Amino acid sequence: MMNLIASVSALSLIFGAPVTLGLKQVQPAPGIAAQADAAAPMTAAERSKLLKEASKALAGVKTARGKFEQYSPDGSFSTGQFAMSRPGKVRFDYDDPVPLLLVSDGATVALQDADLETTDRVPLAKTPLNLLLSDKLDFEAQAEVIDVRRTGDKTNITLRDKSGEMEGTLTVILASADNSLAGWRTVDGNGGRTSVLLSSVETGAKLNPRLFILRDFDNR
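Residues numbered from 1 in each chain as written. Predicted model: local features only at pLDDT ≥ 70, side-chain atom pairs only at ≥ 80, totals over all residues. Heavy atoms only, no water.

**Let's talk about the environment of Ala141**
The condition is simple: Where helices and strands are cited, they refer to DSSP runs of H or I of at least four residues and of E of at least two residues respectively, numbered from the N terminus. Only protein chains enter the area calculation, which uses a 1.4 Å probe; residues under 20% of their type maximum are buried, those over 50% are exposed, and those in between are partly exposed.
Counting through the fold element by element, Ala141 comes out in helix H5 (residues 139–142). Classification of Ala141 as partly exposed rests on a relative accessible area of 39%. Separated by 21 residues in sequence, Ala141 and Lys162 have C-alpha atoms that sit 8.9 Å apart.

Right under this line is the structure:
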C-alpha cells in the first residue's frame with residue numbers, strides 16, 4: 001500500500017515551507033491550533049460510526065470549489081482559491097504576493113513558482129492529498145486512525161501512515177453537522193504544524209478539466 005504521510009521533504013513541499021515566501025507573519029489561528037486538545041475522545045462505537053459516515057460523505061463530493069487560508073509552521077499566513085475534482089485532482093491558486101500554484105492532475109502534485117519559473121513534482125500517492133482526494137475513501141482501511149473527537153461544531157480525525165515508516169500526522173477537520181471538509185492540519189516529524197481552513201465551499205460545481213493541467217514553463 002502507498003504511504004499516506006509523505007516524507008518530511010515532500011510534506012513540506014505540499015503543505016509547508018515553500019508557501020512562506022513573502023507572507024504575513026501572524027499568530028496561529030486559535031480555532032485550528034487548539035482543536036485537537038479541546039475535547040475528550042469518543043467511545044469506540046461512536047468513533048466507528050463517525051468514521052464510516054465521514055468517509056462516505058467526503059467520497060460523495062465529486063467536485064468543489066471555494067477559498068482557503070493557510071497557516072504555515074513559521075507563523076506565516078496565505079490565502080487563495082481552490083478547485084477539486086474527485087478522484088485525485090485539485091488546484092490551489094495562491095493570492096498575491098505569493099507566486100505559487102499547486103495542481104494535482106490525479107497522478108502527480110506539482111508546485112509551480114512563477115517568480116523562479118520552476119515546477120517541482122511529487123507522486124500524489126506520496127502526499128496526504130492522496131487520501132483527501134480518493135473516491136473510495138475509507139479512513140480505517142487507508143490509514144492508522146490515532147484519534148477521533150468533536151470540538152464544538154467540528155470533528156477532528158487524526159491519522160498516521162499505516163506502515164509506520166513515515167513520520168508525521170494528518171488531522172482532517174470536518175463540519176460536524178454534515179461531515180463536510182472544513183480543512184486539515186499536518187504535523188511533520190520535527191513538530192512543524194501547517195493548517196488549512198476552507199470557506200465559501202460550493203459542491204457539485206461544473207469545473208473546466210483544464211484547471212488540473214499544469215505545464216512546465218519550458219513547455220508552454
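**As for helix H3 (residues 44–59)**
Think of an α-helix as 3.6 residues a turn; residues three or four steps apart then line up on the same face. Our working definition: A helix is expected to reach a length of 1.5 Å times the quantity of its residues less one. It is the directions from the helix axis to the C-beta atoms that the arc portrays. The contact definition used throughout considers only heavy atoms, calling two residues in contact when any of these lie within 4.5 Å.
In a regular helix each residue adds 1.5 Å, so 16 residues correspond to 22 Å; H3 covers 23 Å between its end C-alpha atoms and thus fits that length. For H3, the complete set of buried residues consists of Leu50, Leu51, Ala54, Ser55, Leu58 and Ala59. With its buried residues spanning 145° around the axis, H3 presents them on a single face. Within H3, the exposed residues directed more than 90 degrees away from the buried face are Ala45, Lys49, Lys52 and Lys56. Packed against the buried residues of H3 are H5, strand E8 (144–151), strand E9 (154–160), strand E10 (169–175) and strand E11 (180–187).

**Side note on the confidence of the model for the chain**
Caution is warranted with low-pLDDT regions, since their predicted coordinates should not be read in detail. Our working definition: The pLDDT value tells you how sure the predictor is about a given residue, anywhere from 0 up to 100.
A residue-level look at the chain finds 79% of positions with pLDDT of 70 or above and a mean pLDDT of 81. pLDDT under 50 marks residues 1–37. Its contacts with residues more than four places away, or in other chains, come to 106 contacts.

**Observations concerning the pairing of strand E3 (residues 76–85)**
As a reminder of what qualifies: DSSP bridges decide pairing: two strands pair if at least two such bridges lie between them.
In terms of residue burial, E3 counts as a mostly covered element, since 8 of its 10 residues are buried. Here strand E2 (residues 63–71) pairs with E3 via 9 bridges, running antiparallel. Within E3, the residue paired with Glu69 across the bridge is Thr79. If you look at the hairpin formed by E2 and E3, you'll find 4 residues sitting between the two strands, and Gly75 has a positive phi there, around 90°. Note: E3 against strand E4 (residues 89–94), 6 bridges, orientation antiparallel. In the sheet register, Ser85 faces E4, and the bridge partner there is Lys89. Counting the residues that bridge the hairpin from E3 to E4 gives 3 residues, and of these Gly88 lies at a positive phi of roughly 85°.

**Points about the nonpolar core**
Applicable threshold: Residues grouped as a nonpolar core are buried Ala, Val, Leu, Ile, Met, Phe, Trp, Tyr and Cys residues, joined through side-chain atoms within 4.5 Å.
Counting residues in each nonpolar core, the largest one holds 37 residues, and the members touching the most others are Phe92, Leu129, Phe139, Ile157, Leu159 and Val172. Counting residues per element, this core draws most heavily on H3, which supplies 5 residues.

**Brief notes about the packing of aromatic side chains**
Stated formally: Here the aromatic set is Phe, Tyr and Trp, taking the six-membered ring for Trp, and pairing holds for ring centres within 6.5 Å; pairs whose planes are under 30 degrees apart are stacked, those over 60 apart are edge-to-face, and all others are tilted.
Summed over all chains, the structure comprises 5 aromatic pairs. With centroids separated by 5.2 Å and ring planes inclined at 85°, the aromatic side chains of Phe68 and Phe92 adopt a geometry described as edge-to-face. Placement of the pair is Phe68 in strand E2 and Phe92 in strand E4, with a sequence separation of 24 residues. The buried category is assigned to Phe92, whose relative accessible area is 6%. With a centroid separation of 6.2 Å and an interplanar angle of 80°, the aromatic rings of Phe92 and Trp184 are classed as edge-to-face. Of this pair, Phe92 sits in strand E4 while Trp184 sits in strand E11, and the two are 92 residues apart along the sequence. A single burial state applies to Phe92 and to Trp184, both of which are buried. Here a set of aromatic residues connected by ring pairs shows up, and it is made of Phe68, Phe82, Phe92, Tyr94 and Trp184.

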